[in-house]
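Structural features, examined
Given next are the chains, with one letter for each unit.
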Amino acid sequence: MKPRLSHQAIKSALQRDLGPISAWTSVSEGEESQVFGIRLANEDFILRINRLAESFYKDAFCYRHFAAASLPIPQILSIGEVDGHAYCVSRRAMGKSLQELMPAELPAIVGRVDEVMHAIADAPLDDTMGFGRFDASGSGGHASWHDFLAAVANPQDHDWAGHESTVDRHWIDRHLRLLAELIPLCPESRCLVHGDFGSNNVLTDGLAITGVIDWSEALFGDPLYDVANIFFWRPWLACMEVQARFFEKHRADLSTNVQTLRCYQLRIGLQQVFECVSTGDMADLRWAMARCEEIAADLPV
């Protein structure tokens, strides 16, 4: 659940650790964090408040290991504690998120988005290990990419049986079976994957990508997983639809990876279904289940 700490408590902790705050503004918040714009010593920063510090330390790891001119990841300046919660102060990447752009603004920037996606895939993975979602030390939680893809069916990771009153067991089994059939068709790639790419985590000034933020879902695996995320969410967000159309037109490799993209979209969808039923978000659950049905039916996606 997103924290709801008072401004005074947050300001007191920051001024204790970092000194006077000369400006304080509200900005678009994430799903799990309170987010503010602040100014310290004549410089602009982003302040995030979360229940735990794990994702902030992972952002710091990604900045240290993967940031480059072609992959702008904001620097983490400070991670601290306020009223039993974690705070993180990072340099502010100026611009709007792709999700905030008007549809008419998107075509001019999608080529730059594609370039950044290639930069993510080409990032050096020195001093890292494993596959799937990795921790703040760069250690992935799975022995192979296929193991990560299959983990959504593992009862130790996903207690589907506990949710049968909300999602019919036959529905669950049918989609998990299809996923299991598709996984062997996927490559055992090991590259950097953002894991939640394409909407509110990509910032632009209209000419270039100025920041790729929130690496909490980052993985080691197949870069097509980020493309699949855009394809999965294309009916939900205009920015995803525009990007998907661009990739369909300009990425010839996608036509030879149709079943791989289908597998990844189904994996993303099943994860979304599980998270929605776990949190009781019935509206999003119905949408995610319907989207999984489209992918399972092998409709145009």
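Overview of the structure. Just so we're clear, the structure is a prediction, and the values are computed from it rather than from any experiment. (Residues numbered from 1 in each chain as written. Predicted model: local features only at pLDDT ≥ 70, side-chain atom pairs only at ≥ 80, totals over all residues. Heavy atoms only, no water.)

1. What to know about the sheet that holds strand E10 (residues 202-204)
The 3 strands lie next to each other as E6-E10-E11, forming an open sheet whose pairing is antiparallel. Both edges of this open sheet fall to strand E6 (96-97) and strand E11 (209-212), since each of them pairs with a single strand only. In the sheet, E6 pairs with E10 via 2 bridges, with the strands oriented antiparallel. Of the residues in E10, the one forming a bridge with Ser 97 is Leu 203. (Pairing = 2+ DSSP bridges. Helix = DSSP H or I, 4+ residues; strand = E, 2+ residues; numbered from the N terminus.)

2. Topic: the side chain of Arg 267
Topologically, Arg 267 is positioned in helix H8 (residues 258-279). Although Arg 267 is buried, it forms no salt bridge, and the closest oppositely charged side chain is Asp 157 at an N-O distance of 7.2 Å. Discounting residues that sit within four places of it in the chain, Arg 267 has contacts with Phe 148, Leu 149, Ala 151, Val 152, Leu 179 and Tyr 225. (Buried < 20%, exposed > 50% of the residue type's maximum accessible area, 1.4 Å probe, protein only. Lys, Arg positive; Asp, Glu negative; His and termini not counted. Salt bridge = Lys/Arg side-chain N within 4 Å of Asp/Glu carboxyl O. Contact = heavy atoms within 4.5 Å.)

3. Details of the sheet that holds strand E2 (residues 34-40)
Paired through their backbone hydrogen bonds, the strands of a sheet run either parallel or antiparallel. Spatial strand order, E1-E2-E3-E5-E4: 5 strands in an open sheet with antiparallel pairing. Lying at the two open borders of the sheet, with one neighbouring strand each, are strand E1 (23-26) and strand E4 (76-82). Neighbouring strand axes in the sheet, compared pairwise and without regard to direction, differ in orientation by 25° on average. Where E1 meets E2, 4 bridges bridge the pair, whose relative direction is antiparallel. For Trp 24, the partnering residue across the bridge sits in E2 and is Ile 38. In the packing of helix H1 (residues 7-18) onto the sheet, the strands contacted are E1, E2, strand E3 (43-50), E4 and strand E5 (85-91), and the crossing angle to E4 comes to about 125°. (Axes fitted to C-alpha atoms, helices over the stretch in contact; angles between N-to-C directions.)

4. Quick notes on unusual backbone geometry
For Ala 41, which is not glycine, the phi torsion reads 50° and is therefore positive. Tracing the chain through its elements places Ala 41 in the loop between E2 and E3. The residue Asp 127 is not glycine, and still its phi comes out positive at about 60°.

5. Some details on the pattern of salt bridges
Pairing is possible between side chains that carry opposite charge, provided their charged atoms lie close to one another. Applying the stated criterion across every chain, the model contains 15 salt bridges. One salt bridge connects Arg 39 with Asp 44, and the closest N-O pair in it is separated by 2.8 Å. Residue Asp 44 is classed as partly exposed on the basis of its relative accessible area of 33%. With a closest N to O distance of 2.9 Å, Asp 59 and Arg 48 form a salt bridge. Of this pair, Asp 59 sits in helix H2 (residues 54-66) while Arg 48 sits in strand E3, placing them 11 residues apart in sequence. Side by side, Asp 59 and Arg 48 carry an identical accessibility label, which is buried. Here the salt bridges do not stand alone but share partners, grouping Arg 234, Glu 241, Arg 245 and Glu 248 into one network.

6. Observations concerning the environment of Glu 43
Topologically, Glu 43 is positioned in strand E3. Remark: the alpha-carbon pair of Glu 43 and Arg 92, spanning 49 residues in sequence, is separated by 8.8 Å. When near neighbours in sequence (up to four residues on either side) are disregarded, Glu 43 contacts Ile 38 and Arg 91.

7. Observations concerning the packing of helix H5 (residues 169-182) against helix H9 (residues 282-296)
When two helices pack together, their arrangement is captured by the angle between the axes and the distance separating the axes. Viewed as axis vectors pointing N to C, H5 and H9 meet at an angle of 45°, and their least axial separation amounts to 11 Å. Between H5 and H9, the crossing angle belongs to the class labelled oblique. For H5 against H9, the interelement crossing comes out left-handed. The segment H5 lies against H9, with Trp 171, Arg 174, His 175 and Leu 178 engaging Met 289, Cys 292, Glu 293 and Ala 296. (Parallel < 35°, antiparallel > 145°, perpendicular 65-115°, else oblique. Left-handed = near helix turned anticlockwise from the far one by under 90°.)

8. Focus on the pairing of E11
Where E10 lies against E11, 3 bridges are found, and the strand directions are antiparallel. Within E11, the residue paired with Leu 203 across the bridge is Gly 211. Counting the residues in the hairpin turn of E10 and E11 gives 4 residues, including Gly 206, whose phi is positive at 95°.

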